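Listed below are the residues making up each chain.
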Amino acid sequence: MPSTACRASSVVFRAIATDSLAAASQLLADVQRFGLRMIEFRMMVDVEGGAAIDFGIDASPDRDPAVLRSRFARHPTLRSVEIVGRSPGKTEGAAP
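Predicted, not measured: the structure shown is a model, and the values here were computed from it.

Focus: helix H2 (residues 65-72)
For H2, the set of buried residues is Pro65, Leu68 and Phe72. Projected down its long axis, H2 shows its buried positions confined to an angular sector of 60 degrees, all on one face. Where H2 begins, the capping side chain belongs to aspartate 64, and its oxygen is found 2.9 Å from the backbone nitrogen of alanine 66.

In structure tokens, the structure reads:
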């Protein structure tokens with residue numbers, strides 16, 4: 001029987017991009033390549049084509065958010081990627 005510790009937890013990141021569309025496509029591709037599940041994606045574009053991108057993923061507890069953050073941050077169109085939130089796990093009855 002799996003314990004709560006083995007359940008996925010949500011991690012929310014904020015990326016600051018110099019090129020909004022290139023950064024968004026790179027982040028989405030990474031989420032898929034790493035076998036993660038996207039639970040939210042929000043992009044606020046500025047007038048110069050850059051953006052602040054908030055995205056949340058479900059990740060198993062063995063995935064270190066700091067390691068994921070560094071993997072996401074390697075793209076040249078991103079000035080920074082920070083962890084802005086984390087929840088311990090899904091609650092029973094939550095929407096899929």
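What about the pattern of salt bridges?
Summed over the entire model, instances satisfying the criterion amount to 6 salt bridges. Of the charged contacts, one joins aspartate 30 and arginine 74 as a salt bridge, the two residues approaching to 3.7 Å between their closest N and O atoms. Here aspartate 30 is found in helix H1 (residues 20-33), whereas its partner arginine 74 is found in the loop between H2 and strand S4 (78-87), with 44 residues between them in sequence. Overall, the relative accessible area of 0% leaves aspartate 30 in the buried class. With relative accessibility at 43%, the residue arginine 74 sits in the partly exposed group. Sharing partners across several salt bridges, the network here consists of Arg14, Glu40, Arg42 and Asp54.

Criteria and cut-off values
Residues numbered from 1 in each chain as written. Predicted model: local features only at pLDDT ≥ 70, side-chain atom pairs only at ≥ 80, totals over all residues. Heavy atoms only, no water. Buried < 20%, exposed > 50% of the residue type's maximum accessible area, 1.4 Å probe, protein only. Helix = DSSP H or I, 4+ residues; strand = E, 2+ residues; numbered from the N terminus. Arc of directions from axis to C-beta. Polar contact = N/O pair within 3.5 Å; in protein donor to acceptor, adjacent residues only side chain to side chain. Salt bridge = Lys/Arg side-chain N within 4 Å of Asp/Glu carboxyl O.

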